[in-house]
Amino acid sequence: MFEDPALEINDEMTAGDVTNWTSLTHLIMIEEVEKVFSIRVALKELIKLKKVGDLVTLIQQKIG
């Protein structure tokens, strides 16, 4: 998705750490997460996501 095979993702990573991370790729990523994990991310939850670890925690909470 971010077209960088050397990209290593970690919990502290933010959008600013990824060269090709735009608002559009962010929304596409969230859509893919929703499909893969069969969850829905509400707008208020989306706004709170500041780093990758936040997304991981949200997924874990939703899939229980």
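Residues numbered from 1 in each chain as written. Predicted model: local features only at pLDDT ≥ 70, side-chain atom pairs only at ≥ 80, totals over all residues. Heavy atoms only, no water.

(A) Structural view of the nonpolar core. In terms of nonpolar packing, the biggest core is built from 14 residues, with Met29, Ile30, Val33, Val41, Leu49 and Leu55 touching the most fellow members. Contributing elements (two or more residues each) for this core: helix 1 (23–37) and helix 3 (52–63). Dropping the residues within four chain positions of it, Val33 is found in contact with Ser38, Ile39, Leu55 and Ile59. (Core = buried A, V, L, I, M, F, W, Y, C linked by side-chain atoms within 4.5 Å. Buried < 20%, exposed > 50% of the residue type's maximum accessible area, 1.4 Å probe, protein only. Helix = DSSP H or I, 4+ residues; strand = E, 2+ residues; numbered from the N terminus. Contact = heavy atoms within 4.5 Å.)

(B) Summary view of helix 3. The first and last C-alpha atoms of helix 3 sit 17 Å apart over twelve residues, in line with the 16 Å expected at 1.5 Å per residue. Listing the buried residues of helix 3 in full gives Val52, Gly53, Leu55, Leu58 and Ile59. Trailing helix 3 by a residue or two, Gly64 shows a phi angle of about 55°, which is positive. (Expected span 1.5 Å × (residues − 1).)

(C) Region of the structure containing the confidence of the model for the protein chain. Within the protein chain, residue pLDDT values average 91, and 97% of them lie at 70 or more. Of all helices and strands in the protein chain, the one with the weakest mean pLDDT is helix 1 (92), whereas helix 3 scores best (96). (pLDDT = per-residue confidence, 0-100.)

(D) Quick peek at the pattern of salt bridges. Scanning the model with the defined rule gives four salt bridges in all. Note that Lys62 and Glu45 form a salt bridge whose closest N and O atoms lie 3.2 Å from each other. Residue Lys62 is located in helix 3, and its partner Glu45 is located in helix 2 (residues 43–48); the two are separated by 17 residues in the primary sequence. (Salt bridge = Lys/Arg side-chain N within 4 Å of Asp/Glu carboxyl O.)

(E) Region of interest: the environment of Lys48. Tracing the backbone shows Lys48 in helix 2. Here Lys48 falls in the exposed class, since its relative accessible area comes to 63%. When the C-alpha atoms of Lys48 and Lys35 are compared, they prove to be 20 Å apart, with 13 residues separating the residues in sequence.

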